[in-house]
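Topology and contacts: notes
Next come the chains, spelled out residue by residue.
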Amino acid sequence: MIDYYNVIIIGGGAAGFFAAINIAEKHPHLKVSILERGSEGLQKVKISGGGRCNVTHAEFIPQELVKNYPRGEKELLGPFHQFMTGDTIEWFEKRGIPLKIEEDGRMFPETDSSKTIVDFFLNEAERLGVKVLYNQSVVGFEENETLWKISTKKDVFTCEKLIIATGSNPKIWNLLEQLGHTIVKPVPSLFTFNIKDKRIQDIPGVSVPHVQVKVLDSKLTSEGALLVTHWGLSAPAILKLSAFGALELAECNYQFKIEINFISIGYDECLTLLKNFKLTEAKKQVGKYSRFELPKRLWQNLVKASQISENKTWADLNLEQLEALATQLTKALFEVNGKSTFKEEFVTAGGVDLKEVNFKTFESKLHNHLYLAGEVLNIDAVTGGFNFQNCWTSAFILSKNI
Ligand SMILES: Cc1cc2nc3c(=O)[nH]c(=O)nc-3n(C[C@H](O)[C@H](O)[C@H](O)COP(=O)(O)OP(=O)(O)OC[C@H]3O[C@@H](n4cnc5c(N)ncnc54)[C@H](O)[C@@H]3O)c2cc1C
């Protein structure tokens, strides 16, 4: 027997559930189903934001918000005028899930638990009569006159409107390719840099609130917080580079050099200040007191890397040593050798080519009644709640146009 629905959503993730709930709310008479290959849905929401779910980001100007999307910046501007962060906050609050803002702008449920979001989506879908079918791995879909025919490993379904919300699933991208869509080659985004270097090897956990980083032989630059990890470097300054450089860094197989300015002032200004310390702090040991508000252990490692031994005072330093220290502070070179997963959030760059999507409706330009939402599109963002915002925006807008 073939099961018929007005709307079928393939993929029970953030975008799939958000679409289903909004469609079912607006059109209670429609038969809506989610086909999910797993035995549970919303797996990424569950583990998102370290188990806290970074739902969105407190950035309320569309022109600023789009700057966080290395892929999708131009295309999301219009959609954000229809549904963006403020609407997300209101949407959740109206349904009894207040969000809170952290200092860096990330927004989480007040409960600090992704379970709040997962449970709400599951209960709300059930309350609204959405049929969520688990263990239904879709293996094919085709247009059949006015209906879509969808085959899973077990069953066959038909529907009038088909929504693809399968995230970065290669099989579904292949099926979309067979329908004529172009798939931009997927590569990972949001990763940390593997670096083996004496200056950071014994200080995991040390962080600097603001650094400037650039990738050598490229135009990639970023700034923000920096964290030393067991494997290398992480935190927004690095994650932003991994997102904006996702393609470029994949091409060089994650082997490249970066230059870090730990103190966000230029080399010349730094050297002048160091020369000043030589006069004003003459008798003090260089390594003993950290300068520029750098963590002491990092400061000591940079001093060591400048060939300045432990017991040297500022008065002992010659110009060459002062210059070496200024270099370590403002243009320290590090060799990156591979990447590691950033456990709080990661995404795939690549997906359905944005030229083939109508961003007023999130409908395919190639096929009527075929809609795309979330990470299946060639849209991804830096860390901070922006990736979910893409899911909410795309799913909300298509739900209005069903
Ligand atoms: C560890 C981690 C933490 C994250 N934390 C955050 C965060 O805090 N904030 C943020 O903004 N972003 C975060 N992200 C990114 C965010 O989770 C994704 O951008 C978002 O989940 C994408 O949603 P989606 O619905 O498009 O796809 P997904 O969440 O990937 O959902 C797709 C669904 O489709 C199903 N599916 C796939 N293929 C088939 C098929 N053939 N048949 C049937 N079903 C299928 C999958 O099983 C899955 O349930 C995180 C990502 C990870 C990995």
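A short tour of the structure in this document, coming up. (Residues numbered from 1 in each chain as written. Predicted model: local features only at pLDDT ≥ 70, side-chain atom pairs only at ≥ 80, totals over all residues. Heavy atoms only, no water.)

Some details on the pattern of salt bridges
- Taken as a whole, this structure holds 21 salt bridges when the rule is applied.
- A salt bridge links Lys 284 to Glu 281; its shortest N-O distance comes to 3.2 Å.
- By relative accessible area, which is 39% here, Lys 284 ends up partly exposed.
- Accessibility expressed as a relative area gives 16% for Glu 281, which makes it buried.
- Ionic pairing is found between Arg 291 and Glu 281, a salt bridge with its closest N-O pair at 3.3 Å. Of the two residues, Arg 291 sits in the loop between helix H11 (267-280) and helix H12 (296-305) while Glu 281 sits in the loop between H11 and H12, which places them ten residues apart along the sequence. Of the two residues, Arg 291 and Glu 281, both sit in the buried class.
- A cluster of three or more residues bridged by salt bridges with shared partners is formed by Arg 52, Lys 100, Glu 102, Asp 104, Arg 106, Asp 112 and Glu 344. (Salt bridge = Lys/Arg side-chain N within 4 Å of Asp/Glu carboxyl O. Buried < 20%, exposed > 50% of the residue type's maximum accessible area, 1.4 Å probe, protein only. Helix = DSSP H or I, 4+ residues; strand = E, 2+ residues; numbered from the N terminus.)

What to know about the site of the ligand
- The ligand sits among 34 residues. The nearest are Glu 36, Val 138, Glu 344, Glu 375 and Phe 388.
- Between Ala 14 and the ligand, the recorded distance is 3.2 Å, taken from a backbone N or O atom to an oxygen atom.
- The separation between a nitrogen atom of the ligand and a polar main-chain atom of Glu 344 is 3.0 Å.
- A majority-of-atoms criterion places the ligand in the largest pocket.
- If you list the elements that add at least two residues to the shell around the ligand, you get helix H1 (14-26), helix H2 (43-51) and helix H14 (386-401).
- Here the residues of the shell around the ligand sort into 13 nonpolar, 14 polar and seven charged. (Near = heavy atom within 4 Å. Polar contact = N/O pair within 3.5 Å; in protein donor to acceptor, adjacent residues only side chain to side chain. 1 Å grid on protein atoms, 1.4 Å probe; cavity = no way out; pocket = protein on both sides within 12 Å on 5 of 7 lines; lining within 4 Å. Sits in = over half its atoms within 2 Å of the grid points. Nonpolar A, V, L, I, M, F, W, Y, C, P; charged D, E, K, R; others polar.)

Thoughts on the sheet that holds strand S12 (residues 207-215)
- Reading across from one edge, S16-S15-S12-S13-S14-S11-S17 is the order of the seven strands in this open sheet, with antiparallel pairing throughout. What marks the edges here is a single partner per strand, and that holds for strand S16 (332-337) and strand S17 (339-341). Averaged over all neighbouring strand pairs, the angle between strand axes comes to 40°, with direction disregarded.
- Strand direction decides the pairing type here: strand S13 (residues 221-228) and strand S14 (residues 232-234), joined by two bridges, are antiparallel. For Val 228, the partnering residue across the bridge sits in S14 and is Leu 233.
- The sheet strands contacting helix H13 (residues 319-330) are strand S15 (255-261) and S16, and the helix crosses S15 at an angle near 110°. (Pairing = 2+ DSSP bridges. Axes fitted to C-alpha atoms, helices over the stretch in contact; angles between N-to-C directions. Contact = heavy atoms within 4.5 Å.)

Here's the deal with the nonpolar core
- Residues Phe 121, Phe 141, Ile 150 and Leu 176 are the most contacted members of the largest nonpolar core, which totals 85 residues.
- Every residue in contact with Ile 150, bar those within four places of it in the chain, is listed here: Ile 8, Ile 10, Leu 35, Val 138, Gly 140, Phe 141, Asp 155, Val 156, Phe 157, Cys 159 and Leu 162.
- With 45 residues, the next largest nonpolar core counts Phe 193, Tyr 254, Leu 271 and Ile 308 among its residues. (Core = buried A, V, L, I, M, F, W, Y, C linked by side-chain atoms within 4.5 Å.)

Describing the environment of Ile 402
- Mapping Ile 402 onto the fold places it in the segment after H14.
- Judged by its relative accessible area of 16%, Ile 402 is buried.
- As for Ile 402 and Ile 163, which are separated by 239 residues in sequence, their C-alpha atoms are 9.7 Å apart.
- Not counting residues within four places of it along the chain, the set of residues in contact with Ile 402 comprises Val 7, Ile 23, His 27, Leu 30, Lys 161, Ile 163 and Tyr 371.

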